[in-house]
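# Tertiary structure, described
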Amino acid sequence: MDVPAVFRWLFAALALLQLLALVPVLRRLRDPAPERRTEARLRLLDAAGNLAALVGITFGDFVLVLCGLACVGAAYAVKGLLWYRTRARA
């Protein structure tokens, strides 16, 4: 997969922004409420998966892109299941 140089720089900048967005997510992991920590873990998995996918696109590593997308998909699946369970209780 050959990505043009302009898009590589764009994806590198997006990966840097995603890396900076991890800081508030990591701070939320220290929250004393267990439900907030669970949400923070899912956000961390989502952010790390996005970061891995962007880095994989930047460096042209298709396996890293697939791993990142698998992490994002897993995070969204668990978030959807938790949302469904809360809706079913109400």
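Residues numbered from 1 in each chain as written. Predicted model: local features only at pLDDT ≥ 70, side-chain atom pairs only at ≥ 80, totals over all residues. Heavy atoms only, no water.

A word on the packing of helix H1 (residues 5-28) against helix H2 (residues 34-59). Here H1 crosses H2 at 165°, and the two axes come no closer than 9 Å. Considering their axes alone, H1 and H2 lie roughly antiparallel with respect to each other. Crossing geometry of H1 relative to H2 is assigned as left-handed. A breakdown of the residues in the contact of H1 with H2 according to their chemical character gives 17 nonpolar, three polar and four charged. (Axes fitted to C-alpha atoms, helices over the stretch in contact; angles between N-to-C directions. Helix = DSSP H or I, 4+ residues; strand = E, 2+ residues; numbered from the N terminus. Parallel < 35°, antiparallel > 145°, perpendicular 65-115°, else oblique. Left-handed = near helix turned anticlockwise from the far one by under 90°. Nonpolar A, V, L, I, M, F, W, Y, C, P; charged D, E, K, R; others polar.)

Following the sequence through the fold, Asp 31 ends up in the loop between H1 and H2. Looking at Asp 31, its side chain comes within polar contact range of the main-chain nitrogen of Ala 33, at 3.2 Å. In this structure, Asp 31 is in contact with Arg 36 and Arg 37, ignoring residues within four places of it in sequence. (Polar contact = N/O pair within 3.5 Å; in protein donor to acceptor, adjacent residues only side chain to side chain. Contact = heavy atoms within 4.5 Å.)

Moving on, we get to helix H3 (residues 62-89). In this model, H3 (28 residues) spans 41 Å end to end at C-alpha, consistent with the 40 Å of a helix rising 1.5 Å per residue. Taken together, the buried positions of H3 are Val 65, Gly 68, Val 72 and Ala 75. Packed against the buried residues of H3 are H2. (Expected span 1.5 Å × (residues − 1). Buried < 20%, exposed > 50% of the residue type's maximum accessible area, 1.4 Å probe, protein only.)

We now examine a nonpolar patch on the surface. Where nonpolar side chains cluster on the molecular surface, the patch consists of Phe 7, Leu 10, Leu 14, Leu 16, Leu 17, Leu 19 and Leu 20 and spans about 680 Å² of accessible area. Inspection of the secondary structure assignment puts Leu 20 in helix H1. You can call Leu 20 exposed: its relative accessible area is 54%. (Patch = residues over 30% accessible without salt bridge, like charges linked within 9 Å, V, L, I, M, F, W, Y side chains within 5 Å. Areas by Shrake-Rupley, 256 points an atom, 1.4 Å probe, with all protein chains shown as cover. Salt bridge = Lys/Arg side-chain N within 4 Å of Asp/Glu carboxyl O.)

Listed in full, the five residues of the largest apolar core are Ala 15, Leu 22, Ala 47, Leu 51 and Leu 54. Secondary structure elements with two or more residues in this core: H1 and H2. Ignoring sequence-local partners within four residues, the contact set of Ala 47 consists of Gln 18 and Leu 22. (Core = buried A, V, L, I, M, F, W, Y, C linked by side-chain atoms within 4.5 Å.)

Below, the discussion takes up H1. Taking 1.5 Å as the rise per residue, H1 with 24 residues should run 34 Å; its terminal C-alpha atoms sit 36 Å apart, in good agreement. Looking only at H1, the buried set comprises Ala 15, Gln 18, Leu 22 and Val 25. Those residues of H1 that are buried lie in contact with H2.

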